[in-house]
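Close look at the chain arrangement
Below are the chains, spelled out letter by letter.
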Amino acid sequence: EGFIAFIQAVWTGDFGDYPNLFAGILGLWWTIVGGQPEDLAFQVIPLSSMLMTGLGLWLLFRDHQKTARWAAALVFLLPMANGICRHAMPEGLVMGMLTLSIAIGTLSIKTPHRIHLLNFGLMMGLGALSKHNYIVLGLLPLTWICWRLKKRAILPIGVAAVVAGPWYIFVGLSKQAYVQ
């Protein structure tokens, strides 16, 4: 029981049609702080997706500080981004994970240190656990990054498979009706 059972349920359990990462994070936070979905403390998790997106944009444009600051700040003014994050929808997490994955992947191309490659794989794996559309939205940019990494892409792809594989093997394959 306890925390290990919670991690196992989030990693391989069936919480519904979507992968469990967002529901697990939200449920854990709700258990810790309590309250109702409209309470400010509860909104910290969905709004952190906007912070992840802003951080990802800043990382992408970090060589151009003025552009980086504007890109990171403007994400908070996008009505759609605000709406999906404010209403505790998993798309906010997808937005944050995809932006961070692309940013860390791009960083891995420029400076292919092992830690960057591991973080790139971790972000891809966690992104795939945020919602199915992460894979669809990230297919082209993440494939391009892996192609640019050449043989070094084996490490991040392996990490992503270890992180996301259990849910897709144990639960995702049984959701074929959802895909069709």
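Our structure is the block above this text.
Residues numbered from 1 in each chain as written. Predicted model: local features only at pLDDT ≥ 70, side-chain atom pairs only at ≥ 80, totals over all residues. Heavy atoms only, no water.

1. Some points on the overall build of the protein chain
Note the cut-off: A run of DSSP states H or I qualifies as a helix once it reaches four residues; a run of E qualifies as a strand once it reaches two. Both are numbered from the N-terminal end. For every residue, the accessible area obtained with a 1.4 Å probe (protein chains only) is divided by the maximum for its type, and the residue is called buried under 20%, exposed over 50%, and partly exposed between those limits. Note that accessible areas follow from Shrake-Rupley with a 1.4 Å probe, and for residues the cover is restricted to the protein chains shown.
The helix and strand inventory of the protein chain stands at ten helices and zero strands. For the protein chain, the sequential pattern of α-helices and β-strands runs α-α-α-α-α-α-α-α-α-α. For the protein chain, the residues scored as buried account for 42% of the 180 residues in total. Carbon together with sulfur atoms contributes 72% to the accessible area of the protein chain, which is approximately 10,200 Å² in total.

2. Here we look at helix α7 (residues 114-128)
Quick reminder of the rule: Helix span, as expected, comes to 1.5 Å for every residue beyond the first. Whether two residues are in contact is decided by their heavy atoms: any pair within 4.5 Å suffices.
Compared with the 21 Å implied by 1.5 Å per residue over 15 residues, the 21 Å span of α7 between its first and last C-alpha is a close match. Listed in full, the buried residues belonging to α7 are His116, Leu117, Phe120, Gly121, Met123, Met124, Gly125, Gly127 and Ala128. Along its buried surface, α7 packs onto α6 (90-110), α8 (133-149) and α9 (154-170).

3. Structural notes on the nonpolar core
Formally: Only buried residues count toward a nonpolar core, which is a set of Ala, Val, Leu, Ile, Met, Phe, Trp, Tyr and Cys residues joined through side-chain atoms within 4.5 Å.
Counting 32 residues, the largest nonpolar core has Met97, Phe120, Met124, Tyr134, Leu142 and Leu149 as the members making the most contacts within it. Taken together, the elements giving at least two residues each to this core come down to α2 (21-33), α3 (40-60), α6, α7, α8 and α9. Looking at which element gives the most residues to this core, the answer is α6, with eight residues. Contacts of Tyr134, omitting those with residues within four sequence positions, involve Val94, Met97, Leu98, Ser101, Met123, Met124, Gly127, Ala128 and Leu142.

4. Side note on a nonpolar patch on the surface
Note the threshold: For patch detection, residues must exceed 30% relative accessible area and be free of salt bridges, and they are connected within 9 Å for like charges or within 5 Å for nonpolar side chains (Val, Leu, Ile, Met, Phe, Trp, Tyr). Salt bridge, as used here: a side-chain nitrogen of Lys or Arg that lies within 4 Å of a carboxyl oxygen of Asp or Glu.
Together, Phe3, Ile4, Ile7, Leu28, Ile32 and Val33 line one region of the surface with nonpolar side chains, adding up to about 570 Å² of accessible area. Note that Leu28 resides in helix α2. Accessibility expressed as a relative area gives 34% for Leu28, which makes it partly exposed.

5. Section: the packing of α6 against α8
Heads up, the condition is: An axis is simply a line fitted to the C-alpha atoms; with a helix, the fit covers only the stretch in contact. Between two such axes, the angle follows the N-to-C directions and lies from 0 to 180 degrees. Roughly parallel covers angles under 35 degrees, roughly antiparallel covers those over 145, roughly perpendicular covers 65 to 115, and oblique covers all other angles. Three classes are used, and their members are as follows: Ala, Val, Leu, Ile, Met, Phe, Trp, Tyr, Cys and Pro are nonpolar, Asp, Glu, Lys and Arg are charged, and the others, Gly among them, are polar.
Across the interface, α6 lies against α8 with an axial gap of 10 Å and an inter-helix angle of 5°. As the angle between them shows, α6 and α8 are arranged roughly parallel. On the side of α6, the interface is formed by Glu91, Val94, Met97, Leu98, Ser101, Ile102, Gly105, Thr106, Ser108 and Ile109, while α8 contributes Asn133, Tyr134, Leu137, Gly138, Pro141, Leu142, Trp144, Ile145, Arg148 and Leu149. Here the contact of α6 with α8 is built from residues that sort into twelve nonpolar, six polar and two charged.

6. What about the layout of surface pockets?
Note the cut-off: With a 1 Å grid spanning the protein atoms alone, the term cavity applies to any set of points in which a 1.4 Å probe fits but cannot get out, the term pocket to an open set with protein on both sides within 12 Å along at least five of seven lines, and the term lining residue to any residue with an atom within 4 Å of a point. Grid points are joined across faces, edges and corners, and a volume is the space filled by probe spheres set on the points.
Considering only enclosed or pocket space, the largest pocket measures out at about 270 Å³ in volume. Elements represented by at least two residues in the lining of the largest pocket include exactly α7, α8 and α9. Counting residues per element, the lining of the largest pocket draws most heavily on α8, which supplies seven residues. Taken together, the residues of the lining of the largest pocket sort by class into eleven nonpolar, three polar and no charged. Of the voids in this model, the second largest pocket is the one considered here, and its volume is about 180 Å³.

7. Digging into unusual backbone geometry
Glycine aside, residues mostly have negative phi angles, and peptide bonds mostly take the trans form. Although it is not a glycine, Lys150 adopts a positive phi angle of roughly 55°. Summarising the element assignment, Lys150 is placed in the loop between α8 and α9. For Lys150, a relative accessible area of 57% puts it in the exposed group.

8. Here's the deal with the packing of aromatic side chains
Aromatic rings in a pair are described by how distant their centres are and how their planes are angled relative to each other. What counts here: Working definition: a ring pair exists when centres of Phe, Tyr or Trp rings (six-membered ring for Trp) sit within 6.5 Å. Plane angles under 30 degrees give stacked, over 60 give edge-to-face, the rest tilted. Definition used: whenever NZ (Lys) or CZ (Arg) falls within 6 Å of the ring centre and also within 35 degrees of the ring normal, the charge is taken to sit over that ring.
Following the criterion strictly, the structure yields one aromatic pair and no others. The interplanar angle of 85° and the centroid separation of 4.9 Å between the aromatic rings of Trp167 and Tyr168 together place this pair among those described as edge-to-face. Overall, Trp167 belongs to the buried group, its relative accessible area being 0%. Lying over the aromatic face of Trp147, Lys150 brings its terminal NZ or CZ to 5.1 Å of the ring centre.

It is worth stressing that arrangement in space is one thing and function is another; only the former is reported here.
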